[in-house]
Each structure stands twice: as C-alpha cells, then as structure tokens.
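Coordinate analysis (summary)
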Amino acid sequence: MKKFACGLLAGVLISSSVAYGASVIKSAEFNTNKVIFNGKQLDLSAQPMVSVIAQGSDNASNYMPVRAVLEGMGYQVDWDNASKAVVVKSKGAEIAPTTTTAPVSPQTTNKPTISKSEFDKIENGMSYNEVKEIIGSEGELLSEAGDKGTEFYTVMYSWKGEGSIGANANAMFQNGKLASKAQFGLK
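We now turn to the structure provided with this report.

Cut-offs applied
Residues numbered from 1 in each chain as written. Predicted model: local features only at pLDDT ≥ 70, side-chain atom pairs only at ≥ 80, totals over all residues. Heavy atoms only, no water. Helix = DSSP H or I, 4+ residues; strand = E, 2+ residues; numbered from the N terminus. Buried < 20%, exposed > 50% of the residue type's maximum accessible area, 1.4 Å probe, protein only. Contact = heavy atoms within 4.5 Å. Salt bridge = Lys/Arg side-chain N within 4 Å of Asp/Glu carboxyl O. Pairing = 2+ DSSP bridges. Axes fitted to C-alpha atoms, helices over the stretch in contact; angles between N-to-C directions.

On to the side chain of Ser-51, then. One can find Ser-51 in strand β4 (residues 49-54). A residue is classified by how much of its surface remains accessible, and Ser-51, at 11% relative accessible area, is buried. In this structure, Ser-51 is in contact with Ser-27, Ala-28, Glu-29, Asn-31, Asn-33, Ala-60, Ser-61 and Asn-62, ignoring residues within four places of it in sequence.

Right, here's the structure in full:
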C-alpha cells in the first residue's frame, strides 16, 4: 500500500508539472482539506492531498489519492499487474469507461475522440480553436489558473482517445497558445 501511495504521489507531482509545464510552480504542499461525498467525510489522513499553485496565480489545484477517494466512495480498487492497470469495481461489476464528450458542431466530421495521427498534427503555438478543429470536438476543461487576459492565464483540456483503454490526450494553453501536449495509449 505504501508503494502504491508513493507511486501515486510521484504520478501526481509529475502530472502537476505537465499541467504547469510552461509556468513555474510557486508551491506544492500536502494539505488536510476535507472531501465530502454524499454528506460523509472521506478519510484521507493516510494519504493526504497535494495543493499546487502556479507562479503568477493565487489559486491552488488539489490532487487527491485516487485509491483513498474511490474506496471512500464504496468502490473496490485493485491492481492488475498483467495489464498494468488499476481496476475499479462497484458491486461486483467492472466500471466501463464513459465516452461523454462536449457536443460536436454540425460542420465537424471527426469523431469526438482523438487519434494518434490527429495528436501528431497538433503543434505548440496553436490556438485552442486550431486544436479543436484538428480533433473535431471541444475538450473537457481540466484546470484553469491565473487571471484571464494575462500572460500567465493557463488552461488545460483533455480528450478521450482512440486506442487502448484509458487512451487520452491533454493540451495546456498559456496566454491563448498551446504550450505543451501529452498523450497516453493513442493509436
């Protein structure tokens, strides 16, 4: 369990550096913020949250230990070493990934997911609208930091991907331009 928690924390810190890759992290610290689910406070004392604040911002993003949160919500969380995957189950059934996305405009012919070839066409410096045109759909807003209209205003979007289970792509925009992109499992 400690190895999993340490690995999760390392993943969170790496993810936060991707989310804030074009800007400098002003601070990152453990916190004891509460998580309330259906009126019940989840016990995260063994695996605290991490708050990350980007340079030029006063707003923090909180990163929580996935296992502790899901188990606190009543799900069973297991590790499948053969497929190198976290498996989440509810009442004896595996939870299937959802494909909910933002609506696609009528003139768009692409699917609401992103492929590896679409990901490869995306370049730093592009606007969100240019990226959206390549993918063919709106991204899901993951995080927003800084004040709109300033050079440090940063937003991160995610798209579900075509490929392996959990395939996805993230794009971070700072000052209206693509600053970094990342993908997992796209085909």
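Side-chain pairing between opposite charges can occur once the charged atoms of the two side chains come close. The final tally for this structure, using the stated rule, is 2 salt bridges. Lys-116 is the salt-bridge partner of Asp-120, the closest N and O atoms lying 2.8 Å from each other. Highlighted residues: Asp-120 and Lys-116, both in helix α3 (residues 116-121), separated by 4 residues, approximately one helical turn. We classify Asp-120 as partly exposed; its relative accessible area is 45%.

Taken together, 4 strands build an open sheet; the order of strands is β9-β10-β11-β12 and the sheet is antiparallel. Edge positions in the open sheet fall to β9 (140-145) and β12 (177-186), since each of these has one partner strand only. If you compare each strand with its neighbour and ignore which way they point, the axes differ by 15° on average. Note that β9 and strand β10 (residues 154-160) share 5 bridges and pair antiparallel. For Glu-144, the partnering residue across the bridge sits in β10 and is Val-155. Helix α4 (residues 128-135) rests against β10 and β11 (163-174) of the sheet, and its axis sits at about 0° to β10.

With 6 of its 7 residues buried, β10 lies for the most part within the structure. Here β10 runs beside β11; their pairing, made up of 7 bridges, is antiparallel. What sits directly across from Lys-160, in β11, is Asn-168. Joining the antiparallel neighbours β10 and β11 is a turn of 2 residues.

Functional significance is not addressed by these values, which are geometric in nature.
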